[in-house]
Every structure is written in C-alpha cells, then in structure tokens.
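Given next are the chains, with one letter for each unit.
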Amino acid sequence: QVQLVESGGGLVQAGGSLRLSCAASGRTFSSGAMGWFRQPTGKEREFVAAINWSGGSRYYADSVKGRFTISRDNAKNTVYLQMDSLKPEDTAVYYCAASNRYDLRLRYVDYWGQGTQVTVSS
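Scope of this entry: the structure provided in the associated data block.

Basis of the calculations
- Residues numbered from 1 in each chain as written.
- Predicted model: local features only at pLDDT ≥ 70, side-chain atom pairs only at ≥ 80, totals over all residues.
- Heavy atoms only, no water.
- Buried < 20%, exposed > 50% of the residue type's maximum accessible area, 1.4 Å probe, protein only.
- Helix = DSSP H or I, 4+ residues; strand = E, 2+ residues; numbered from the N terminus.
- Pairing = 2+ DSSP bridges.
- Disulfide = S-S within 2.5 Å.
- Salt bridge = Lys/Arg side-chain N within 4 Å of Asp/Glu carboxyl O.

So, the pairing of strand 11 (residues 116-121)
Piece 1. Because side chains alternate across strand 11, one face comprises the buried residues T116, V118 and V120, and the other comprises Q117, T119 and S121, none of which is buried.
Piece 2. Across four bridges, the pairing between strand 2 (residues 10-13) and strand 11 is parallel. Paired with G10 across the two strands is V118, which belongs to strand 11.
Piece 3. Of the strand pairs in this sheet, strand 9 (residues 92-99) and strand 11 are connected by three bridges, and their pairing is antiparallel. Following the sheet pairing, Y94 is matched in strand 11 by T116.

So this is what it looks like as structure tokens:
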C-alpha cells in the first residue's frame, strides 16, 4: 500500500516562504515522476511542479516559475516544495502526487497524498 504524506503547510504573510514535504512509503519510486498540485477553494486542481527520479529534470507551472523549487531526497523517499515570495493567490490545498510514468506534467497520477493547507495573507 503506497502512502504519500504531506507536511509543512500553514499560514504565512505575503512575501514569505514555506517548505512542503511529501514522504512516500510502501515502495521506492525508482522511476516515473513525483510532484505537487494545488486546489484553491471552489476551483479545479492544478499542476504546480514535478521532478523525475534522479532529480535532474524539473518542470513548473508558469504561475510559480522562479518562486517555487522542487527537489527530492531519495535516501528519505521524500519530495520537497520550497515556496518563496508567496502571494495570496498561492492559497490552496497542496497535494503530493506520484506517477509510475515518466511524465513531468503528471498527466497520469497513480497516487495522491491527503493534502496540506497553505494560506497566504495579504
């Protein structure tokens, strides 16, 4: 049974930073891709960022490019999302996602985390 457990969400002022973590258990993702989506209240879930197994390839949504950085620690089977220069429009529930396919847009997600709330106040 694969589990993705997010942590690190919270309340921050605009311009601040947060780091989200996603710890995977049940298997080691030695291929495919992992990443993050977010879902603002009343809106559809949207792609944020993804990273491949080696960490050598990353892909970001235009809305977060230059402000967010995705990374991974394979020894800990954990993916991180460093979020800097946060804006109120970044407020959402952030979900960790994993795919068995090597698709940095994560169009085919096999596993989801439960989500963690990020709130950015103005």
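Looking at the state of the cysteines
Piece 1. This model, assessed by the stated rule, comprises one disulfide.
Piece 2. The side chain of C22 participates in a disulfide bridge whose partner is C96; the two sulfur atoms lie 2.0 Å from each other. On the sign convention where negative is left-handed, the bridge of C22 and C96, at about -80° about the S-S bond, is left-handed. Of the two residues, C22 is situated in strand 3 (residues 18-25) and C96 in strand 9; the sequence distance between them amounts to 74 residues.

Some details on the pattern of salt bridges
Piece 1. According to the stated counting rule, one finds six salt bridges in the structure shown.
Piece 2. D62 is the salt-bridge partner of K65, the closest N and O atoms lying 3.0 Å from each other.
Piece 3. Connected via shared salt-bridge partners are R38, E46, R67 and D90.

The values are spatial; any link to function lies outside them.
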